[in-house]
Structure formats: structure tokens, C-alpha cells
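# Coordinate inspection notes
In case you want the letters, here they are:
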Amino acid sequence: MNHHYDVIIVGARVAGASLAIILGEMGKKVLLVDKASFPSDTLSTHFMSHTGFLEKLGVLEQLEESGLRKVTRMRTYIGSSFVEGPRTSYTIIPRRDKLDSMLIERALTFPSVHFKPETSARELIWEEEKVVGIHLIEKGNSQDVYADLIVGADGKNSNMAHWTGAEKYEETKPLRPVIYGYFEGIAPLPEPATEIFLHEGRIGFVFPMEPNRDCLGIEIHPEEFKTMMKNPEESFKQTFDQMYGMKERMEGARLQGKMIGTPGMPNFFRTAYGDGWALIGDAGHSKDPSTGLGINDAFMQSFLLADACLKMDEGISKEEALEEFARKRDEQLLPGFQMTLHYIQSLRKWTDNEVALFQAMAANPMVWNKLVPNLSRHLKDDAADFPLLHTAMEMEAEQFGFKKES
């Protein structure tokens with residue numbers, strides 16, 4: 001028996017599930033499919049720059065009530081010194097098994113949304129050069145389903161992208177491996193803060209999740225990955241012990257589950273749409289996780305594509321609506337993509353002199369009394385090779401009350 005939907009979404013993680021929610025609110029008949037069972041974990045940056053999308057999707061209150069800590073500050077370490085400041089808004093950092101499941105549950109509150117877990121998409125169904133359906137395998141049973149639009153939200157190694165021939169552009173090979181794990185028993189800071197360690201050319205991070213659970217990770221040098229993954233828990237601890245204060249804070253800590261590692265995330269954009277299909281999430285755009293933009297970027301793409309669907313309902317042609325989706329996607333994601341690549345490509349081990357001077361400056365109020373009045377100018381001059389950084393910092397400072405001089 002053949003079935004027809006307004007939209008079929010392949011992939012039920014952040015991008016796919018959030019799109020199903022928005023389309024469900026619009027009354028669209030949606031089929032959401034994923035090869036995984038839920039709840040289940042997946043490779044993730046975890047971090048969200050804000051909670052705005054979660055509130056719009058109707059899951060923020062439920063996530064907060066599940067016990068997640070509100071993260072209100074950011075701290076960056078160099079050597080045994082650090083700088084810390086408030087975030088412009090708080091965030092929460094859930095594990096993906098919790099976040100993805102809540103998004104799916106929210107989508108299923110709309111009667112027009114249907115979900116098939118443990119279901120594999122095997123091939124697209126074409127009419128000449130237009131995608132009209134997809135062949136599914138659910139627990140050994142095959143089924144052909146059809147839709148006006150089929151969306152690939154199936155990750156960086158997207159089958160949908162492969163089947164449609166979506167081309168990559170702005171491509172840069174993976175730059176840094178990442179190893180992370182979930183720990184209980186890490187001694188907490190007085191106020192929850194995202195902690196970033198710039199140490200020996202690596203990036204260490206501590207993400208406070210729930211009380212007594214933190215995500216700890218390191219973005220390491222490429223040549224270190226194979227060696228560290230031979231004994232990942234011990235290698236990770238030895239490396240993280242070098243971060244300021246962490247040896248003592250980890251004394252009573254215990255790893256939950258196992259260490260997770262990836263040799264690196266690819267950096268690219270893919271063609272966003274074609275006749276009868278579109279890509280969102282990592283399927284359409286992927287980048288190094290160091291700036292923690294992935295989850296929010298996935299949400300943003302879902303909202304943009306849903307807006308394109310709304311425009312089609314209002315009479316705009318499918319081609320015009322999807323072209324606008326692709327243009328807005330690239331306009332909004334390209335600055336973060338460029339900043340991420342510049343950050344990682346410029347990262348290096350500090351010299352002894354640089355660390356020593358930072359230590360002296362960090363502890364000297366007379367230095368900051370002299371520097372603060374000229375910080376904007378210093379940043380503008382020092383970021384002359386990448387002016388986008390200065391622009392981004394001014395925009396963030398405006399949320400704290402910064403006013404540009406006329």
C-alpha cells in the first residue's frame with residue numbers, strides 16, 4: 001500500500017525532529033523516519049549558544065525541569081590564569097539521548113506527524129529528474145512512501161546527499177580530532193560556567209550538564225588521535241590533568257560509559273535543495289565543533305525550511321521558496337563557518353614568554369586599568385586579518401549595553 005505525505009524527513013535527531021515539530025504546528029502531514037531506536041546517544045557538540053530555539057519548539061520548560069543546570073558564565077584558561085565573564089543569556093547543555101527524545105515526543109503531540117524508528121531509507125523514487133518518494137525498510141518489511149518534499153536530515157555522511165548528487169562547496173578537510181566523555185563527581189564551580197582551556201595548542205572544555213554530571217572533552221592535535229584512542233580513558237585523564245585545577249577537581253570523578261572519539265569533523269556546505277528534496281543539519285552543512293555552533297545551526301535550518309514551506313502554501317513557487325531557503329542558510333551560516341575555521345587554523349601552542357606575560361597581566365589591576373579603555377581598538381587592530389571577529393564581539397557587547405561611538 002502506498003502512502004503520501006506533505007513532507008518525509010529522513011533523520012530524527014535535532015534537525016529532523018525540530019522540523020517535524022514546526023511542520024506539525026502548521027498541520028502538515030509528516031513522516032519522520034530514523035534507523036536508530038530512541039532514546040539513544042549520538043556524536044555531538046552538546047553546547048547551545050542560547051535557548052531561544054528550544055523555547056520556540058516548546059521543549060525548553062520540560063528540559064529545564066529534567067534537572068539541567070542553567071549555565072550563566074564563560075571562563076577561558078591560559079596556563080594557570082583565566083578570564084571569566086557573564087553570558088548574554090543562560091543556556092542548558094543536555095545529553096543527546098534526552099534532547100532528541102524530547103523533540104520527537106513534542107513532534108508526536110501533533111496528530112499529523114508520524115514516526116518510524118528503526119527504519120532505514122534505502123533509495124529514492126524518481127519521476128524523471130524529480131524526487132517523489134523513498135523506499136523504506138522497517139524491521140525487514142519494505143515500503144514505498146511518497147511526498148511533495150523529502151528532506152535529508154541524516155548527518156554529515158548523508159545518504160540523501162549521495163543519492164541526489166548534492167555537491168559540496170567551501171570544503172576544508174577535518175582539522176582536529178575530538179575525544180570526550182561524561183563524568184560524575186567533578187568538583188563544580190560556584191556558578192555553572194562553560195570552561196575552555198587553551199593549552200599546548202589543544203582546546204579542553206568542561207560543559208556542566210546536570211548536577212554531578214559534566215561533559216569533558218579535548219580537541220587534540222591530529223597526530224595524537226591514534227595513540228590516545230588505544231587507551232582513551234587513561235590518555236584523556238593524563239592530558240586533562242594538565243589543565244589548570246582539573247587534577248584536583250577530577251580526583252573523585254568517574255567516567256559514565258566510555259570515551260567517545262572522532263578523527264575530526266568535515267567542513268563544508270552542500271547544495272541545499274533540488275527538485276523534490278532538501279537537506280538540513282549536518283547533511284547540508286558541517287564544521288569543526290570547537291565553536292559549539294552545530295545544534296543551534298541545525299535548529300536555524302529547520303526554521304528556514306519550514307518558512308519556505310509556508311511560503312509555498314501562500315502561493316510562491318517551490319523553486320523560488322527553496323532558493324530563498326538556500327540563500328538565507330548560507331548567509332546566516334557562512335560567518336560562523338569562517339570564524340570557526342580561522343580559530344582552529346590559527347590555534348597554536350603558546351610560547352613561554354606569552355604564557356608568562358599573560359600570567360603577570362591577569363593578576364595586575366593596573367594593567368587592566370590601562371587596557372580596558374582601549375580594548376575595542378586593540379581587538380580591531382589585532383584582528384585586522386579577520387575583521388569579522390571584531391564585528392562579532394561588538395555585536396555581542398551591544399547586548400551588554402555597548403554603544404558604538406558616532
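Criteria and thresholds
- Residues numbered from 1 in each chain as written.
- Predicted model: local features only at pLDDT ≥ 70, side-chain atom pairs only at ≥ 80, totals over all residues.
- Heavy atoms only, no water.
- Salt bridge = Lys/Arg side-chain N within 4 Å of Asp/Glu carboxyl O.
- Helix = DSSP H or I, 4+ residues; strand = E, 2+ residues; numbered from the N terminus.
- Buried < 20%, exposed > 50% of the residue type's maximum accessible area, 1.4 Å probe, protein only.
- Domains from an automatic or database assignment.
- Contact = heavy atoms within 4.5 Å.
- Pairing = 2+ DSSP bridges.
- Axes fitted to C-alpha atoms, helices over the stretch in contact; angles between N-to-C directions.

### Examining the pattern of salt bridges
Counting across every chain of the model gives 26 salt bridges. As a salt-bridge pair, Arg106 and Glu25 come within 3.5 Å of each other at their nearest N and O atoms. Of this pair, Arg106 sits in helix α4 (residues 96-107) while Glu25 is found in helix α1 (residues 14-25), placing the two residues 81 residues apart along the sequence. When its relative accessible area of 26% is taken as the criterion, Arg106 is described as partly exposed. In this structure, the salt-bridge partner of Glu331 is Arg327, at a minimum N-O distance of 3.3 Å. Here Glu331 and its partner Arg327 are both found in helix α10 (residues 318-346), 4 residues apart, which amounts to about one turn of the helix.

### Observations regarding the domain arrangement of the protein chain
Taken as a whole, the protein chain is organised into domain 1 (4-46 + 95-172 + 266-342) and domain 2 (377-405). Here domain 1 and domain 2 have C-alpha centroids that lie 34 Å from each other. With 4 residues of domain 1 at the contact, the number on the domain 2 side is 5 residues. On the surface where domain 1 and domain 2 come into contact, there are 0 salt bridges.

### Overview of the sheet that holds strand β11 (residues 193-199)
A sheet is described by the order of its strands in space; here 7 strands give the open sequence β4-β3-β11-β12-β13-β10-β14, paired in mixed fashion. Unpaired on one side and paired on the other, β4 (81-91) and β14 (254-262) mark the two borders of the sheet. Strand-to-strand, the axes of this sheet are offset by a mean angle of 15 degrees, without reference to chain direction. Across 6 bridges, the pairing between strand β3 (residues 71-78) and β11 is parallel. Paired with Ile78 across the two strands is Leu198, which belongs to β11. Strands β10 (178-184), β11, β12 (202-208), β13 (214-219) and β14 of the sheet are contacted by helix α7 (residues 232-240), whose axis makes an angle of about 85 degrees with β13.

### Topic: the pairing of strand β1 (residues 3-10)
For a regular strand, the rule is simple: side chains alternate between the two faces of the sheet. Of the pairings in the sheet, the one linking β1 to strand β8 (residues 141-152) comprises 7 bridges and is parallel in character. Residue pairing for β8: Ile8 is matched across the bridge by Ile150. Bridge count for β1 against strand β2 (residues 30-33) is 4 bridges, and the pairing is parallel. For Ile8, the partnering residue across the bridge sits in β2 and is Leu31.

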